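This is what each chain is made of:
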Amino acid sequence: MLSLPEPVRILLCTQPTDMRKGFDSLAALVREELGEDPLSGHLFVFRSRRGNRVKLLLWDRDGFLLIYKRLEEGVFRFPAVSANQRSVRVSAQELSLLLWGIDPASVRRQKRYARPA
């Protein structure tokens, strides 16, 4: 669905967001609530109160890109977080699972090599 370069961070906003918000309002939310730079080139994901809608906001060199998805049935399952956590970072694979309706927490991953940091 989305092809993102590896250095792009994906941040899920943990608080429900008014889906009537557009480019500028979501960018202000990123700045004020998440403490991030909306022009960073990172992907910000917002979920509606009922959980059946998401908006993705991304700065793409010369302007904002806004993707909006509404489910006809079901909800998007965001990861569980503590009450004071405003955002959670996920991988592109986890975002893809989330958009496909698969709860990333229910996926069993096989052991893989990870290079030490």
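This structure is a prediction, so every number in the text was calculated from the model and none was measured.

Visitor: How do you make sense of the nonpolar core when you look at a structure like this?
Guide: Nonpolar side chains in soluble globular proteins tend to end up buried together. Counting 16 residues, the largest nonpolar core has Leu12, Leu43, Val45 and Leu95 as its most contacted members. Counting residues per element, the ones that place at least two in this core are β1 (10–13), β2 (43–47), β3 (53–59), β5 (87–90) and α2 (92–100). Counting eleven residues, the second-largest nonpolar core is a separate cluster that includes Ala27, Leu34, Phe44 and Phe46.

Visitor: Help me understand the pairing of β2, please; the structure alone is not making it clear to me.
Guide: Within a regular beta strand, the side chains point alternately toward one face of the sheet and then the other, so they alternate between its two faces. Counting buried positions along β2 yields four of five residues, so the element is predominantly enclosed. Bridge analysis of β1 against β2 gives three bridges, and the strand direction is parallel. If you follow leucine 12 over to β2, its bridge partner there is valine 45. Note that the unit made of β1, helix α1 (residues 23–32) and β2 has a crossover that is right-handed. Taken together, the five bridges between β2 and β3 define a ladder with antiparallel strand orientation. The residue bridging phenylalanine 44 from the neighbouring strand is leucine 57, located in β3. Following β2, the chain reverses through five residues before pairing antiparallel with β3; glycine 51 in that reversal takes a positive phi of roughly 85°.

Rules of the game
- Starting afresh in each chain, residues are numbered from 1 along the sequence in its written order.
- Two thresholds apply to this predicted model, a pLDDT of at least 70 for residue-level local features and 80 or more for giving and counting side-chain atom pairs, whereas whole-chain, interface and lining totals are computed over all residues.
- Calculated side-chain values reflect all of the structure's heavy atoms, with hydrogen atoms and water omitted.
- The term nonpolar core refers to a set of buried residues drawn from Ala, Val, Leu, Ile, Met, Phe, Trp, Tyr and Cys, joined through side-chain atoms within 4.5 Å.
- Summary of the burial criterion: residues with accessible area below 20% of their type's maximum are buried, those above 50% are exposed, and those between are partly exposed, where the area comes from a 1.4 Å probe applied to protein chains only.
- Only runs of H or I of at least four residues qualify as helices and only runs of E of at least two qualify as strands under DSSP, and these elements are numbered from the N terminus.
- Whether two strands pair depends on DSSP finding at least two bridges between them.
- Assignment of crossover handedness uses the view with strands pointing away from the viewer, where a clockwise path from the first strand over the helix to the second indicates a right-handed crossover.

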